[in-house]
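Examination of the molecular architecture
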Amino acid sequence: MVTYNDTLSRYVAELFAVEDEVLQRVRQRMAEHGVPAIHIKPEEGRFLQLLARACGARQAVEIGTLGGYSAIWIARGLLAGGVLHTIEREPERARLARENLALAGLADRVTVHEGDARQVLAQLSPRAPFDFVFIDAEKADYRDYYDWAVEHLRSGGVVAAHNAFLHGRVLDGTDANAEFIRAFNAYVAHDARVISTVFPAGDGIVVAVKA
Ligand SMILES: C[S@@+](CC[C@H](N)C(=O)[O-])C[C@H]1O[C@@H](n2cnc3c(N)ncnc32)[C@H](O)[C@@H]1O
């Protein structure tokens, strides 16, 4: 039996998740500015874009902007007139993300909030309900962000979280992040407030729909 692997992943990416010139340029700009290449893969971006559109997202939140790469994929999935609030605590990264989003023609649809996610989420709370939330920051904080998301999503809204596999360490890694991700995945799997699973491509994306 052939199981999902890098070759099949590449097949899917080359067919469904081809980067346009803007996305290529944005990755290049991040490299030029010394930003670590810890952004999502195109295949994952396409999936987030699909999720945003499938749930009819008009109001979305992203925790962990980096240079704005995933924000571009998500924003392109929003319904017409939709907005994305993305949160980044590093000022240089927030500045670069704003530039990249302007380059992508998305400056009017995406707001980059500079600051700590917990504080920014508290400020965003009055705008609830949200339709879509993507979590891609420190693993220790995933559960708090997820609980905020479930609380502030409308029924049928979607929360997604990156690195469900933690590059394979989720199975038997002994480091703190492996423990955090194992506990987080189990928490979501047993959460009666949602219907959930893991999208098993890239580094795995936990996906939960609020019941
Ligand atoms: C993995 S990167 C995000 C990648 C991005 N989603 C992409 O795929 O293009 C995580 C980012 O989250 C930011 N971050 C981590 N903890 C944060 C916090 N508590 N508040 C705000 N930003 C945070 C980091 O500075 C980093 O730039």
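Provided above is the structure to which this section pertains.
Counting restarts for each chain: residues are numbered from 1 in the order of the written sequence. With pLDDT at 70 or above as the cut-off, local features in this predicted model cover only qualifying residues; side-chain atom pairs require 80 or more to be listed or tallied, and sums for whole chains, interfaces and linings still use all residues. Excluded from the side-chain calculation are hydrogens and water; included are all heavy atoms of the structure.

1. Examining the pattern of salt bridges
Short version of the rule: Salt bridge, as used here: a side-chain nitrogen of Lys or Arg that lies within 4 Å of a carboxyl oxygen of Asp or Glu. Note on conventions: DSSP H or I runs of at least 4 residues are helices, E runs of at least 2 residues are strands, and numbering of each starts at the N terminus. Buried means the residue's accessible area, taken with a 1.4 Å probe over protein chains only, is under 20% of the maximum for its type, while exposed means over 50%, and partly exposed covers the values in between.
Summed over the entire model, instances satisfying the criterion amount to 15 salt bridges. Arg76 is the partner of Asp20 in a salt bridge, and the nearest nitrogen-oxygen pair spans 2.8 Å. With a gap of 56 residues between them, Asp20 in the loop between α1 (6-16) and α2 (21-32) and Arg76 in the loop between α4 (69-75) and β2 (83-88) connect regions that are remote in the sequence. Judged by its relative accessible area of 31%, Asp20 is partly exposed. Given the relative accessible area of 28%, Arg76 is considered partly exposed. Taking the shortest distance from any N to any O, the salt bridge between Arg169 and Asp175 comes out at 2.9 Å.

2. Some details on the nonpolar core
Just so we agree on the cut-off: The definition of a nonpolar core used throughout is a set of buried Ala, Val, Leu, Ile, Met, Phe, Trp, Tyr and Cys residues joined through side-chain atoms within 4.5 Å. Working rule for contacts: check all heavy atoms of both residues, and any pair within 4.5 Å makes them a contact.
Counting residues in each nonpolar core, the largest one holds 36 residues, and the members touching the most others are Leu48, Leu51 and Phe132. Ranked by residues supplied to this core, first place goes to α4 with six residues. Leaving out residues up to four positions away in the same chain, Leu51 has contacts with Phe132, Val158, Ala160 and Val207. Residues Leu124, Tyr142, Leu153 and Phe184 belong to the second largest nonpolar core, which totals 29 residues.

3. Quick look at a nonpolar patch on the surface
Applied cut-off: Within this analysis, patches are made of residues with over 30% relative accessible area and no salt bridge. Like charges are joined at 9 Å or less; nonpolar side chains (Val, Leu, Ile, Met, Phe, Trp, Tyr) at 5 Å or less. Per-residue accessibility takes into account occlusion by the displayed protein chains alone, with areas from the Shrake-Rupley method and a 1.4 Å probe.
The grouping of Val2, Tyr4, Leu8, Tyr11, Leu15 and Phe16 at the surface amounts to a nonpolar patch, some 650 Å² of accessible area in total. Checked against the element boundaries, Leu15 lands in helix α1. According to the relative accessible area criterion, Leu15 is exposed, its value standing at 52%.

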